Amino acid sequence: MRIELVKRKEHSRTMALLSPLIAVALTALSAAILFSITGHNPLIGLYKFFIEPLTQQWSLEATIDKATPLILIGCGLAVCYLSNNWNIGAEGQFVVGALFGSALPILFPSFENVITLPLMLLFGAIGGALWALIPALLKTRFNTNEILTSLMLVYVAGLLLDYLVRGPWRDPDGYNFPESRIFSDAATLPEVFGGAMSLSAPITIVIAIVLAIVLAKTLKGFEIRVMGESPRAGSFAGFSAKRLTLFSFAIAGALAGLAGTMEVSGALNQLLPSISPGYGFTAIIVAFLGRLNPIGIIIAGFVLALSYIGGEGVQSAMGVSNEIASVIQGLLLFFVLACDTLILYRIRMVSRRVPTGEASHV
Amino acid sequence: MGDSVAETTLPEVDEHPVQQDRSEKDTLLDARGLTKRFGDILANDRVDLIINKGEIHALLGENGAGKSTLVKMFYGSLEPDDGEILWGDRRVTIGNPAAARELGIGMVFQHFSLFEALNVVENIALALPNPGNMQDLAKRIETVSRDYGLPLDPEDIVADLPVGIRQRIEIVRCLLQEPRLIIMDEPTSVLTPQEADQLFLTLQRLAKEGCAVLYISHRLEEVKRICHHATILRHGQVVRECDPTLETPASLASMMVGADVAAVSAGEQAPEIGETRLALQGLSAKAATPFATALNNISLELRAGEVVAIAGVAGNGQGELFDAISGEMPAAASMIHLDGTACGNKNINWRRKQNAAFVPEERLGHGAVPGMKLSQNIVLTRHGTGDKLVGAGFVSNVEASVLEKRIKQAFDVRMSHDDPEARSLSGGNLQKFVVGRELDRNPGILVVNQPTWGVDAGAAALIRQALIDLARSGSAVLVISQDLDEIFEIADRIAVISRGFLSEAEPATDMTRERVGLLMAGGAETQGEVA
């Protein structure tokens, strides 16, 4: 008995929808096994992790707060991944965006009027885009591997933030704590829906919907999809791979930078040595779980946001290490990528003996 | 390639092999009821095949008829689902290629498996179970290769060798193992006519020595010329066996297709030559990679109303020339003129807007995106050509499917359901689609690379006729092809490309296969250098 993968003639639409669901189910099953191994009741563990955060208003609001940056970054990464540009550095682009956005309220605290916030968001997007363009330019100019360069720049960005918060941008009235000054009201993202969420959530949803339309309906979206699947056919269509690399990195960086600025302006209200619990990395999982489709990414963002809240939940209620959240996120990415195989292949059980030497004909 | 040209006194190829009653000869391989299934497709359906000792046995069939599947089972790279193979009078299970070689079955593949950075003797040593001392092996290679009329220098680096010589390496590699059956998959598709003649002599000598050859080819002329017996496959079944010497290429073709193949008519209507539509002037380009070919001072004028064909053995710069003409590879502006406008530095969509159209060699991955629907693949080449496919940046799926239906009907593209992904079409149907996509625009200039490569006879005839019709309606058509039969069928003028040099285009009526062969083997090069 052995398992064979048989290539389908076309992509399976059913499997394209089912594969993320199968991945989530397999992740839940693995999580249950993990809970059992560590001596906890798996059912209670799963409930605390995946369900309980949805039952209370405060945890639901916290989930939305966590989901917002994940969705925004994930949307930008989807543009990169669809066009075959492997941007792994969204975490750094998020941080540099936050730095650019914070420059205004920190360096010019007295500049308080209606355009303060729009300017901050604009700067944030520009900062993220500039940071993302570094690996893009290195790739188009010198053929470097963007996976490595974008990832390495994450740590550069982190150290830059750390230096600024402990050094020049430290709050002069902050008793030497490594924090920037608290942003003024004009530099703070307002809350909407009676304080249930920050303005960042509706902004994110609108951006995701616009991006979904661009990807599905426009020539630019077509170009992105063609380049991702078949660069040679893309150049036959007259599209430029280099220009698209710059474009997709700039979009992903801008959205990550915007998310960074909205995070410091809305949720944190100041710069801290650490402003992200790994949003930029988790968003990679969000992008793939959402099938690189902005609407799917909205849903996937919520699922991954749950893992943050749920991780805290099981830690406080059951004494399981908070690291369980990272483990479950990793499992989820693993299963999502594995299940994607089913879209173009189907599984067949074969009971006959294994022939050898299919590969070599030398 | 030079050495095969130098040998002017080739012995005559024995045109009419002596016929013997097959049953009286010794049976070497007897396959009974071989069946192989891939999913829903029955690739081989109860195939019976007998190969005698000393026989050159042709295996004929259209693409997808099951030829490759059958020989892969003989060579041990596929396992039959049902049926048995008798070797001599012993029942054998051929589990892998090593087992096949042990029995004495060798195979020469269409696509070579050589390491370009290594030399001849190293490549051969890698394939032998116990190569022994390298110097002894080099001597054996020299002796065997000279003996069989396929001389090789064991110290040559493969990357420097032309395709014809590379094939010799593969053949000599087989011969060193003293095979009793050699399987050859389309061996002449990479050879000049002269090199092919040389190969036929070797095969005939092998056959005289009692070695059997299973010969797969689409070139029915040569099958008629050298094969003793032919088995014809259609849809995985043996439909006929015959003596090819008693058949004509046309009758062999209709056995393969199962119907009469419409003859393409080019010469009947003399072209009305108009003004120059495409001009190449001193087109040169450096090789982009170590394995690419540089283009050397190529000049050509393509005029309205005519079909010009560029012949040449694979890998002599055809792909690079196509990319330069299409605009995927930039050149200096003055090197390429479309309707009198210098445009060597303009991109492919600019050229399409000048009413030029292009069909590349590779259907999947270059001419079409495998995972996209046909209607989306129409947008691929026609988004900039004013077909109302794009408005205000948005792609109109409605307009795209209108075009898809029109092309499907006009070019008889067969599919299991409407608007499938490109990858699910068979080679012939996808080729009809990618050619039809451009012809549907009624382009003034059409450049097509290998228009019927790997396409079945029916689809090939349809495509060739469409190319001629386009030219006769006043467009200029440039065909790059390795298929000499095709070239002589459709071309008004013929040029030959060799190592990135292009010979002057001469009227097809003045050209002979011998002359084309000489140009392929380097004549184009010297001509190009003089020019």
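- As annotated in an unreviewed UniProt entry, chain B is Autoinducer 2 import ATP-binding protein LsrA from Roseibium album.
- UniProt lists a comment for chain B under the heading Sequence similarities (unreviewed entry), and it reads "Belongs to the ABC transporter superfamily."

- You'll find chain A entered in an unreviewed UniProt entry as Ribose ABC transporter permease protein, with Roseibium album given as the organism.
- Quoted verbatim from the Subcellular location (unreviewed entry) heading of the UniProt record, the comment on chain A is "Cell membrane".

Structural notes on the overall build of chain B
Then step 1. Counting its regular elements, chain B contains 17 helices and 23 strands.
Then step 2. At 24 Å, chain B has a C-alpha radius of gyration in line with the 24 Å of a compact globule built from 531 residues.
Then step 3. Structurally, chain B occupies a C-alpha span of about 70 × 55 × 40 Å along its principal axes.
Then step 4. A buried classification covers 57% of the 531 residues belonging to chain B.
Then step 5. Residue pairs at least 24 apart in sequence account for 68% of intrachain contacts in chain B once pairs closer than 6 positions are excluded.
Then step 6. Carbon together with sulfur atoms contributes 49% to the accessible area of chain B, which is approximately 21,300 Å² in total.
Then step 7. One finds the centroid of the 51 positive side-chain charges in chain B at a distance of 5 Å from the centroid of its 75 negative side-chain charges.

Focus on the sheet that holds strand 14 (residues 336-338) of chain B
Residues and elements named next belong to chain B.
Then step 1. On the basis of which strands lie adjacent, the open sheet formed by 4 strands has the order 12-11-14-15 and antiparallel pairing. Whereas interior strands pair on both sides, the edge strands pair on one side only; in this sheet they are strand 12 (295-303) and strand 15 (341-342).
Then step 2. Two elements, strand 11 (residues 276-285) and strand 14, share 3 bridges in a ladder whose sense is antiparallel. Opposite Leu280, over in strand 14, you have Ile336 as the bridge partner.

Looking at the sheet that holds strand 1 (residues 27-38) of chain B
All names here are of chain B.
Then step 1. The 4 strands lie next to each other as 2-1-4-5, forming an open sheet whose pairing is antiparallel. Edge positions in the sheet fall to strand 2 (41-52) and strand 5 (90-92), since each of these pairs with one other strand and no more. Here the strands of the sheet are splayed against their neighbours by 25° on average, with no regard to which way each runs.
Then step 2. Here strand 4 (residues 82-87) pairs with strand 5 via 3 bridges, running antiparallel.

Brief notes about the interface of chain B and chain A
Then step 1. Between chain B and chain A, the residue contacts involve 50 residues of the former and 32 residues of the latter.
Then step 2. Taking both sides of the interface into account, the surface hidden between chain B and chain A amounts to around 3,500 Å²; carbon and sulfur atoms contribute 52%.
Then step 3. In this structure, the connection of chain B to chain A is made through 2 salt bridges.
Then step 4. Ionic pairing is found between Arg232 of chain A and Glu328 of chain B, a salt bridge with its closest N-O pair at 3.2 Å.
Then step 5. Counting every contact that joins chain B to chain A gives 15 residue pairs in polar contact (both at pLDDT 80 or more).
Then step 6. The set of elements that each furnish at least two residues to the side of chain B that touches chain A consists of helix 3 (97-103), helix 10 (318-326), helix 11 (348-353), helix 12 (374-382) and strand 18 (394-395) of chain B.
Then step 7. Broken down by element, the side of chain B that touches chain A gets its largest block of residues, 4 residues, from helix 12 of chain B.
Then step 8. Of the residues assigned to the side of chain B that touches chain A, the class counts are 20 nonpolar, 19 polar and 11 charged.

A word on the environment of Ile51 of chain A
Then step 1. Locating Ile51 of chain A in the fold gives a position in helix 2 (residues 42-51).
Then step 2. Taking C-alpha positions, Ile51 of chain A is 38 Å from Phe123 of chain A, a pair spaced 72 residues apart along the chain.

Some thoughts on the nonpolar core
Then step 1. Counting residues in hydrophobic clusters, the biggest one holds 114 residues, and the most contacted among them are Ile73, Tyr81, Phe222 and Leu271 of chain A.
Then step 2. Of all the elements, helix 3 (residues 57-82) of chain A adds the most residues to this core, at 12 residues.
Then step 3. Residue contacts for Tyr81 of chain A: discarding those within four places in its chain leaves Trp86, Asn87, Ile88, Ile284, Ala287, Phe288 and Leu292 of chain A.
Then step 4. One finds Leu150, Met184, Ala207 and Cys242 of chain B within the second-largest nonpolar core, a separate group that totals 50 residues.

Observations concerning the environment of Phe74 of chain B
All names here are of chain B.
Then step 1. Tracing the sequence through the fold places Phe74 in helix 2 (residues 67-74).
Then step 2. Using a relative accessible area of 0% as the deciding quantity, one classes Phe74 as buried.
Then step 3. Through-space distance from the C-alpha of Phe74 to that of Asp492 is 43 Å; in sequence the pair is 418 residues apart.
Then step 4. When neighbours within four sequence positions are excluded, Phe74 is seen to be in contact with Leu29, Ala31, Leu34, Leu49, Ile85, Ile94, Ala100, Ile105, Ile183 and Leu214.

Topic: the domain arrangement of chain B
All names here are of chain B.
Then step 1. We note that the domain assignment places domain 1 (2-14 + 54-78 + 96-257) and domain 2 (276-355 + 443-530) within chain B.
Then step 2. The C-alpha-based centres of domain 1 and domain 2 are spaced at 30 Å.
Then step 3. The interface is formed by 15 residues belonging to domain 1 together with 18 residues belonging to domain 2.
Then step 4. Roughly 1,300 Å² is buried in total at the junction of domain 1 and domain 2, and carbon and sulfur atoms are behind 61% of that figure.
Then step 5. Seen at the junction of domain 1 and domain 2, the total is 0 salt bridges.
Then step 6. Summed over the shared surface of domain 1 and domain 2, the result is 1 residue pair in polar contact (both at pLDDT 80 or more).
Then step 7. Of the residues in the side of domain 1 that touches domain 2, the class split is 8 nonpolar, 4 polar and 3 charged.

What about the state of the cysteines?
Then step 1. Within this structure, the stated rule accounts for 0 disulfides over all chains.
Then step 2. Cys242 of chain B takes part in no disulfide bond, and the closest cysteine sulfur to it belongs to Cys227 of chain B, at a distance of 10.0 Å.

Describing a nonpolar patch on the surface
Residue and element names in this part refer to chain A.
Then step 1. A contiguous nonpolar patch, built from Phe100, Leu122, Phe123, Ile126 and Leu130 and spanning about 420 Å² of accessible area, is present on the exposed surface.
Then step 2. Of the residues forming the nonpolar patch, the biggest block, 4 residues, is contributed by helix 5 (residues 116-142).
Then step 3. Accessibility expressed as a relative area gives 48% for Leu122, which makes it partly exposed.

About the cut-offs
- Counting restarts for each chain, with residues numbered from 1 along the sequence as it is written.
- All chains are assigned letters beginning with A, and all ligands numbers beginning with 1, in the order in which they are written.
- With the structure being a predicted model, the display of local features is reserved for residues of pLDDT at least 70 and the display and counting of side-chain atom pairs for 80 or more, all residues being used for whole-chain, interface and lining totals.
- As a convention, hydrogens and water are excluded, and side-chain values are obtained from all of the structure's heavy atoms.
- UniProt positions are given in the numbering used here, feature names are shortened, and annotations may be inferred rather than shown by experiment.
- By the criteria applied, helices consist of DSSP H or I runs no shorter than four residues and strands consist of E runs no shorter than two, each listed in order from the N terminus.
- For the radius of gyration, the atom set is restricted to C-alpha positions; the globular benchmark scales as 2.2 Å times the number of residues to the power 0.38.
- Only protein chains enter the accessibility calculation, which uses a 1.4 Å probe. A residue is then buried if its area is under 20% of the maximum for its type, exposed if over 50%, and partly exposed in between.
- Note on definitions: a residue-residue contact is assigned when non-hydrogen atoms from the two residues lie within 4.5 Å.
- Note on areas: Shrake-Rupley, 1.4 Å probe, and residue coverage restricted to the protein chains presented here.
- Residues counted as positive are Lys and Arg, residues counted as negative are Asp and Glu, and His and the chain ends are not counted.
- Charged side chains are reduced to one point each, which is NZ for Lys, CZ for Arg, CG for Asp and CD for Glu.
- Whether two strands pair comes down to DSSP finding at least two bridges between them.
- Axis lines are fitted through C-alpha atoms, for helices just across the contact stretch, and the angle between N-to-C directions can take any value from 0 to 180 degrees.
- Once two parts are put together, the accessible area they lose, assessed with a 1.4 Å probe and summed over both, is termed the buried area.
- Whenever a carboxyl oxygen of Asp or Glu lies within 4 Å of a side-chain nitrogen of Lys or Arg, that contact is scored as a salt bridge.
- For this analysis, a polar contact is any N or O atom pair within 3.5 Å, provided that within protein one partner can donate a hydrogen and the other can accept it, and provided that sequence-adjacent residues contribute only side-chain to side-chain pairs.
- Gly counts as polar in this scheme, as do all residues outside two lists: the nonpolar Ala, Val, Leu, Ile, Met, Phe, Trp, Tyr, Cys and Pro, and the charged Asp, Glu, Lys and Arg.
- Residues belong to one nonpolar core when they are buried, are Ala, Val, Leu, Ile, Met, Phe, Trp, Tyr or Cys, and are joined through side-chain atoms within 4.5 Å.
- Those domain boundaries reflect an automatic or database domain assignment.
- The disulfide criterion used throughout: a pair of cysteine sulfur atoms within 2.5 Å.
- The patch calculation keeps residues exceeding 30% relative accessible area without a salt bridge and links them within 9 Å when they carry like charges or within 5 Å when they are nonpolar (Val, Leu, Ile, Met, Phe, Trp, Tyr).

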